[in-house]
Amino acid sequence: AGFINTDREEILINALFCLANMTGDPFERAWMMENGTYRQVWQHMTENRNLRVMQYALALLRGLAVEPEAQEILPRLGLVPHLVGIFTSMAATGFLKTLVLDIFLHLSFRSSNADMMLQPNV
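Just so it is clear, the model here is predicted, and its values are computed rather than measured. (Residues numbered from 1 in each chain as written. Predicted model: local features only at pLDDT ≥ 70, side-chain atom pairs only at ≥ 80, totals over all residues. Heavy atoms only, no water.)

## Regarding the packing of helix H3 (residues 37–47) against helix H4 (residues 51–64)
As a reminder, the rule being used: All axes here are fitted lines through C-alpha atoms, helices being fitted over the stretch that makes contact, and every angle between N-to-C directions spans 0 to 180 degrees. Counting from the N terminus, the helices are DSSP H or I runs at least four residues long and the strands are E runs at least two residues long. In these notes the angle categories are as follows: under 35 degrees is roughly parallel, over 145 is roughly antiparallel, 65 to 115 is roughly perpendicular, and the rest is oblique. In this scheme the handedness of a crossing depends on how the near helix is turned from the far one: anticlockwise by less than a right angle means left-handed, clockwise means right-handed. Note on definitions: a residue-residue contact is assigned when non-hydrogen atoms from the two residues lie within 4.5 Å. Residues are sorted three ways: Asp, Glu, Lys and Arg are charged, Ala, Val, Leu, Ile, Met, Phe, Trp, Tyr, Cys and Pro are nonpolar, and all the rest, Gly among them, are polar.
Contact geometry for H3 and H4: axes closest at 9 Å, N-to-C directions at 150 degrees. Our classification of the angle between H3 and H4 gives roughly antiparallel. The crossing of H3 and H4 is left-handed. On the side of H3, the interface is formed by Thr37, Tyr38, Val41, His44 and Met45, while H4 contributes Val53, Met54, Ala57, Leu58, Leu60, Leu61 and Leu64. Tallied by class, residues from the contact of H3 with H4 come to 10 nonpolar, two polar and no charged.

Structure, rendered in structure tokens:
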């Protein structure tokens, strides 16, 4: 029953999939950061419990996280506790956990994130 998606969720999943793929292009990433795409994706991460929505939202955030601006903004949104929660969740798939680790890797490229990354709960 957890994998049955409404038409609205299918549209959201397809849109997130498309945008996540577009993060491979530096110009598209810059455009997404400039237009605050991460804010809308964050909303889906925190309000939608569908694992496929979460997977594609995380894939999009992973793509954006290579940008220095995102490495500054994403932790301030509260992403880190959310990532820890996903990583420690029994419901999280191996792929979700891999996305989480990729995002942590990208966030670690910003030296000011070092203290946060060394906290016992991370």
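## So, the confidence of the model for the protein
As a general rule, the predicted coordinates of low-pLDDT regions are not to be interpreted in detail. Test applied: On a scale of 0 to 100, pLDDT captures the predictor's confidence in every residue.
The predicted model of the protein has a mean per-residue pLDDT of 88, with 95% of residues at 70 or higher. When pLDDT is averaged over each helix and strand of the protein, the minimum, 76, is found for helix H8 (residues 114–117) and the maximum, 96, for helix H2 (residues 26–34).

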